[in-house]
Amino acid sequence: LPPRTRTCSDLFLLSSRNDDLKEMLESNKDSLKLDAMKRIIALIAKGKNASELFPAVVKNVASKNIELKKLVYVYLVRYAEEQQDLALLSISTFQRALKDPNQLIRASALRVLSSIRVPIIVPIMMLAIKEAASDMSPYVRKTSAHAIQKLYSLDPDQKEHLIEVIDKLLKDKSTLVAGSVVMAFEEVCPDRIDLIHKNYRKLCNLLVDVEEWGQVVIISMLTRYARTQFTSPWREDGLFDENSETAFYESDEKKTENEDEKKSYMMDPDHRLLLRNTKPLLQSRNTAVVVSVAQLYWHLAPKHEVGVITKSLVRLLRSHREVQYIVLQNIATMSIQRKGMFEPYMKSFYVRSTDATHIKSLKLEILTSLANEANISTILREFQTYVKSQDKEFAAGTIQAIGRCATNISEVTDTCLQGLVLLLSNRDETVVAESVVVIKKLLQTQPTQHSDIIKHMAKLFDNIAVPMARASILWLMGEYCERVPQIAPDVLRKVAKSFTSEEDIVKLQTVNLAAKLYLTNSKQTKLLTQYILNLGKYDQNYDIRDRTRFIRQLIVPNEKSGALGKYARRILLAPKPAPVLESTYKDRDRYQLGTLSHTINTKASGYLELSDWPAVAPDQSVRNVEVIEPVRIHLYLYCPFPLTIQALHQGWPMSTQTFNTSSSEVESDEEKSSSQSSEESDKSSSQSEKSSSESDSEQKKKTTKKPPQKKTVKPTAKDRYHTIMKYTTLSNQPFFRSYLSSLGSRLHGFVPKKCLSRSLCFSLYTHPCPLSCAALLQVSGPAFVPEKSHDLLHRMTGKGLSAQYQFPRQPCLYQPSMVSVQISLTNTSDRPLEQIHIGDRSPTGLNMHCFNTIECLLPEASVTVSLGIDFNDSTQAANFQLCTKEDQFSVSIQPAVGELFLPITMTEQDFRQEQGKLSYSSATITMAAANTTSQPISRQVATVANLGVVPSGQDNIHRFAGKTASTGAVVLVTVELRGESTALITINTEKSVMGPMLLRDLKRALAQA
Amino acid sequence: MIHSLFLINPSGDIFLEKHWKSVVSRSVCDYFLEAKEKALEPEDVPPVIHTPRHYLISIYRDKLFFLSVIQTEVPPLFVIEFLHRVAEMIQDYFGECSETVVKDNMVMVYELLEEMLDNGFPLATESNVLKEMIRPPTILRSVVNTLTGTSNIGDTLPTGQLSTIPWRRAGVKYTNNEAYFDVVEEIDAILDQSGTTVFAEIQGVVGACVKLSGMPDLTLSFMNPRLLDDVSFHPCVRYKRWESERVLSFIPPDGNFTLMTYHVNAQNLVAIPVYVKQSISFFESGSGGRLDVTVGPKQTMGKTVEGVMVTVHLPKTILSVNLTATQGSYTYDNGTKLLVWDIGKLNPQKLPNLRGSLSLQAGAPKPEENPSLNIDLKIQQLAISGLKVNRLDMFGEKYKPFKGVKYITKAGKFQVRT
């Protein structure tokens, strides 16, 4: 119950209880006080008034008991506004707490102080915020960012001072602060875009590591920012935009013009940075983050890249009902503009009988938007089920949707109309009524050949009670009265009888019908019309009286009627344009997606407009950051030794002793800054020299392996190419790889994406050796990696050192022609093994990339290292010696033939073409019963050999493709099922030895379960 | 952002309110209560309501409404997601989320809400962080607290708040170190009358219960990661490792959490573990009808299908049912017209069948549409998509953890149209 409805006796009870609470609060025992406070908080939580206890509570604000203190804080924040004078008593306590050595106490003091909405303390709050903004603890700084908003809402005059604090906090590098300060920025000064420039790149880079809620706020702010700072990426690919199909038909001249424009568009690297750094967040578990990234892509990405958000949005449809509701709304808006995005996922929008009503209608909306010539029959079949739904509101919605499909897709108009006419005999009235309304609209679009439908509807008139449907029928009769000259007067006669009891909307249409009939068929209907007009004249509703008066003057000639009477026919029987059946989401795109305004379809207070792209991009250099502030990151994660890296926070964020192959080359993309950057590179290399002199001997060893330093001041295109080459060779260094994997895995925010040219990133993350692979044969990832490991060295023979090897089936990083082998070494002895390395090998020509010497392997410890071996496309064993400080053990690795391949992807067509060129060997085998379906076959083949699956059009034929590691010869495998359990295996390859060997292995694998 | 929160029970009583800015009168809820009156089912209440001065965003969960009051533009999902976190937090702390539990722990819930938002902006929503600030109740602790006068409130800043690993608390210690992973797959499907699949897909969740000391760094790899079409991760998962190597590499939160959810493409054929033969028909005369449903195993990969349950929302005009089940038992609630047939284990030799007559209310017309059947089922030790965990490796700590993986397949939104 709300407090004011409490009765007197209740009030008495309450106050007496409060007395007892007061006593408890004034006692000496903390436990009693705590008990009292708990009861008070429970009262507050229930919404009861406990303000009269304020004096008693506020005394305890300085209590030593933390729990008690916290509860007092909660109380204070709730009632301080009402008891301002008393609240001031507590301020000194907070001021003292602001200096406490414990950061939690400092933060909570600021939190409470800033939550006390008492105008007198504004100066104290301001001071506290300023101090907290430069606190050592990021947690306190975060709290100060929150306090900014509170102070601003208490006293907007402090804006200028607060902006200073925001500016300061925006420069903060802690991920903890970023989200909160951007929130404050959005509330206090969302128009001060200039504060963002210098922090833009930092925010983009920190984004992944900011907590989820901060991510949402930052992404939405950056969306607005990008729309003011970059030029539109959309012009360039108008061809991808389905809605501007005209682009296809434009004359060639225009096209070339377009192409010129296309070439002139270069996406700002900062624009790209934002898109790239937000994309991983599509995988977030937080639905708000996913949708905010989706809206960012929708508003900022080139049209052909927007597709990446589809999957994630569809995934959210599995989430809670409320999430579905919002996501579906956004999809509804998107699907109007870009059908193609969601069409492949059409089935995800099928309605279930258990869906909530608003979810159902949204899904219907989307299905209707997605309908096109190709899928309309499927959609209509689906709609047929919905029409039968027990939820009649939904059934009615479906009928409207059918109507929309019918008008949008002319091929199915007739089919839809027939279907709707069938529905007219439905038992449910809502369904019939809705059908009538929709049929009316459809007939209007093509009235010519449907007089029988109109007749049918006239017959229905007696049985339909829904006003809207009755009105629709009357309107149809009037509009097409010349097509049904016999029936229309009869309908008028019937409705005249019941005129007084009809709804207003029906009455209006009756008057209209009467007037139209009077004009076309006055002989039969004159009396009826007059009767109706007389009834209408005294109707209770003024609209109807008004209409009646108007019609009478218009159609019944008398001396008073003016010139208009002559045009009565032209006025009433004018051809009317057909209604356009449109989606209600058509104009929602004026709001930024994902916002509250978009959901409620009105501008919510505080909504910030998304500006249009500027025609000319503002100065890009404003985002350059001059100050070089090195950030040290210690990487212990996967490196065999700690690696210190200095990431420079500037436009050119990376410079390390590993990377000092002159940073200026790549940056020369921005030619303006080339001179400046050469300075920077000088600085950075001097810094790296310093740090390399500090590095220990172990690191020096690595340093010697590095490519020589290079200093180019005026870089050329060729030089740039060399740099890329160098980075690629660099990627062969094991420590570089481990650096990258660890960096990539944890510190995504700091990955120096800018310095790694795109092709390099590509090469590092997907294809280790893109420069040497034939571009035609795309190496894909392994379909399956067997975990089977083979003994290399038994612990008994290895004197405590045991080694096992395994084929990870990853393309080799060292050289493309090598097969990568993983060796796990374990020390089973009770003393450390030192200097484990690889010694002599045979055959002597064996090309092998050894692992770096393991200095020490402690007892019980194990380590995994990787090797690259060029087996030269033969199964001949690679023999080598595994050495420790004291011993040498001869070991050998004998690969199965299947491990010498790398899987490749190709289309079925390419597969056939290649097949024709190669010689083959084949065999017919009897398959094990378990292996007769596609999955087990793929699995068995993938187990035997590292081949990629080629999509196949036929169910009984399975294709696999790969190439040999050393020479890159293509190997194609076809498994064709013939009858119950026999299969024909064909292998096409030019390698006359490997073919039969592979065939033998496959036969064995497929024949046994 | 979020101004106030009200918890409302299904009969419309407000039993908890919390304001993060100045107090908003609880009369704003009237707009919501009005909308609730209008809706037939609690689920049908629109999640976003626009009132003259405020915007009300609500969720319905565990038979409770969580209603938040908003005054300015904010992404609605931001609020919705947060409200669900509140519900999850209550569930996490007290074992269930219900009106009684909230009323019994009013003060603690209030304190938690205080910690979760500051001035309407989320401050600490990670369970690990919250639990360090406000310790969850246990019987032992409440006894100790009353005896010694210590409190449930932590007095130092949770380490998670400061590190780049906000989801894990520091100084975790267990005597038995164990990590369990549950791969739970749900089949969402719509089958039509003839048993043909109209739509089917698999939604999977990898849940984890990790009780490991220190700062373990785990790597979980799958035998066939390429099956996964779309994934979403707990923030602890390193996205780049997944991108490049298709392994899950993460420093886990302590305790229970959802590691990832995934989606297996509808393009791959989804195995449907059961088939349903049904015929529901009503007589033209309108006096009644017949129902005959048989359930049998289809593609079960050699496992037993358990926990089979068929739920039917019968038309409103049904008066009574008279059915016999050859296996299991059925219940029929005449108020909600809900027929539930609990079958249990499927025996392929003897297929369970439910048949009998339905009678309609006198004078009621023959129902237009046959009701659809919702199927529940469970298959232990099987992930229907074929996904398999390959191995779990731990780095960063010396001890050997005990590891386990469990697979389970369930029916999600599994509907048979009739």
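Because the structure is a prediction, the values reported are computed rather than measured.

Caption draft 1: A look at the confidence of the model for chain A. All names here are of chain A. When pLDDT is averaged along chain A, the result is 76, and 78% of the positions lie at 70 or above. Least confident of the elements in chain A is strand S2 (residues 643–648), whose mean pLDDT is 34; most confident is helix H17 (residues 287–300), at 94. In this model, residues 237–259 is a region of pLDDT below 50 whose contacts with residues beyond four sequence positions or in other chains number 19 contacts. This stretch, residues 628–776, has a pLDDT under 50; its non-local contacts, to residues over four places away or in other chains, come to 219 contacts.

Caption draft 2: View of the environment of Ser287(B). All names here are of chain B. Of note, Ser287 is situated in the loop between strand S14 (274–282) and strand S15 (288–297). Using a relative accessible area of 47% as the deciding quantity, one classes Ser287 as partly exposed. Sequence-wise, Ser287 and Ser359 are 72 residues apart; in three dimensions their C-alpha atoms are separated by 6.3 Å. The residues touching Ser287, leaving out its near neighbours within four places in the chain, are Ser359 and Leu360.

Caption draft 3: Seen up close, the nonpolar core. Judged by nonpolar contacts, the single largest core of 261 residues is most densely connected at Met37(A), Ile40(A), Tyr75(A), Leu313(A), Phe383(A), Phe66(B) and Ile90(B). Not counting residues up to four positions away in its chain, the partners in contact with Tyr75(A) are Met37(A), Ile40(A), Ile41(A), Ile44(A), Ala50(A), Ser51(A), Leu53(A), Phe54(A) and Val57(A).

Caption draft 4: Region of the structure containing the interface of chain A and chain B. Taken together, the contact pairs 101 residues of chain A with 104 residues of chain B. Each partner contributes to the roughly 9,600 Å² buried at the junction of chain A and chain B, and carbon and sulfur atoms together form 55% of this total. The largest contributions to the chain A side of the interface with chain B come from Trp213(A), Arg318(A) and Arg352(A), which together make up 9% of the buried area. For the salt bridge of Asp188(B) with Arg318(A), the shortest nitrogen-to-oxygen distance reads 2.7 Å. Taken together, chain A and chain B are joined by 39 residue pairs in polar contact (both at pLDDT 80 or more). Counted by class, the side of chain A that touches chain B contains 37 nonpolar, 37 polar and 27 charged residues.

Caption draft 5: Quick peek at the state of the cysteines. On inspection of all chains with the given rule, the structure shows zero disulfides over all chains. Cysteine Cys850(A) remains unbridged, with the sulfur of Cys883(A) as its closest cysteine sulfur at 9.9 Å.

Caption draft 6: Spatial organisation of unusual backbone geometry. Despite not being glycine, Lys799(A) shows a phi value in the positive range, around 50 degrees. Its location among the elements puts Lys799(A) in the loop between strand S4 (790–793) and strand S5 (801–806). Note on Lys799(A): relative accessible area 48%, which makes it partly exposed. Phi is positive for Arg246(B), close to 60 degrees, though the residue is something other than glycine. Within the secondary structure, Arg246(B) is located in the loop between helix H7 (239–245) and strand S12 (247–250).

Caption draft 7: Expanded view of a nonpolar patch on the surface. All names here are of chain A. Together, Phe550, Leu564, Tyr567 and Ile571 give the surface a local cluster of nonpolar side chains, amounting to about 370 Å² of exposed area. Mapped onto the elements of the fold, Phe550 is located in helix H31 (residues 542–555). Overall, the relative accessible area of 41% leaves Phe550 in the partly exposed class.

Caption draft 8: Spatial organisation of the pattern of salt bridges. Taken as a whole, this structure holds 58 salt bridges over all chains when the rule is applied. Salt-bridge contacts for Asp20(A) lead to Arg39(A); the nearest nitrogen and oxygen are separated by 3.1 Å. Separated by 19 residues along the polypeptide, Asp20(A) in helix H1 (residues 8–26) and Arg39(A) in helix H2 (residues 30–45) bring together distant segments of the chain. Taken together, the salt bridges that share partners define one network made up of Lys70(A), Arg111(A), Lys150(A), Lys18(B), Glu114(B), Glu115(B) and Asp118(B).

Caption draft 9: Highlighting the pairing of strand S4 (residues 55–61) of chain B. Residues and elements named next belong to chain B. Burial of S4 is extensive: seven of the seven residues sit out of reach of the surface. Alternating positions in S4 separate into two faces, Tyr55, Ile57, Ile59 and Arg61 on one and Leu56, Ser58 and Tyr60 on the other, with burial throughout. Where strand S3 (residues 48–50) folds back on S4, the antiparallel hairpin that results is connected by four residues. Hairpin connection between S4 and strand S5 (residues 64–70): a loop of two residues separates the two successive antiparallel strands, and Asp62 in this loop has a positive phi of roughly 50 degrees.

Caption draft 10: View of the packing of helix H27 (residues 467–479) of chain A against helix H28 (residues 487–498) of chain A. Residues and elements named next belong to chain A. Contact geometry of H27 with H28 gives a least axis separation of 10 Å together with a crossing angle of 140 degrees. As judged from the angle between their axes, H27 and H28 are oblique. Crossing angle aside, the handedness with which H27 passes H28 is left-handed. Here H27 contributes Arg470, Leu474 and Met477 to the contact with H28, which in turn contributes Ala488, Val491, Val495 and Ser498. Grouping the constituent residues of the contact of H27 with H28 by class yields five nonpolar, one polar and one charged.

What counts as what
- Residues numbered from 1 in each chain as written.
- Chains lettered and ligands numbered in written order.
- Predicted model: local features only at pLDDT ≥ 70, side-chain atom pairs only at ≥ 80, totals over all residues.
- Heavy atoms only, no water.
- pLDDT = per-residue confidence, 0-100.
- Helix = DSSP H or I, 4+ residues; strand = E, 2+ residues; numbered from the N terminus.
- Contact = heavy atoms within 4.5 Å.
- Buried < 20%, exposed > 50% of the residue type's maximum accessible area, 1.4 Å probe, protein only.
- Core = buried A, V, L, I, M, F, W, Y, C linked by side-chain atoms within 4.5 Å.
- Buried area = accessible area lost by both parts, 1.4 Å probe.
- Salt bridge = Lys/Arg side-chain N within 4 Å of Asp/Glu carboxyl O.
- Polar contact = N/O pair within 3.5 Å; in protein donor to acceptor, adjacent residues only side chain to side chain.
- Nonpolar A, V, L, I, M, F, W, Y, C, P; charged D, E, K, R; others polar.
- Disulfide = S-S within 2.5 Å.
- Patch = residues over 30% accessible without salt bridge, like charges linked within 9 Å, V, L, I, M, F, W, Y side chains within 5 Å.
- Areas by Shrake-Rupley, 256 points an atom, 1.4 Å probe, with all protein chains shown as cover.
- Pairing = 2+ DSSP bridges.
- Axes fitted to C-alpha atoms, helices over the stretch in contact; angles between N-to-C directions.
- Parallel < 35°, antiparallel > 145°, perpendicular 65-115°, else oblique.
- Left-handed = near helix turned anticlockwise from the far one by under 90°.

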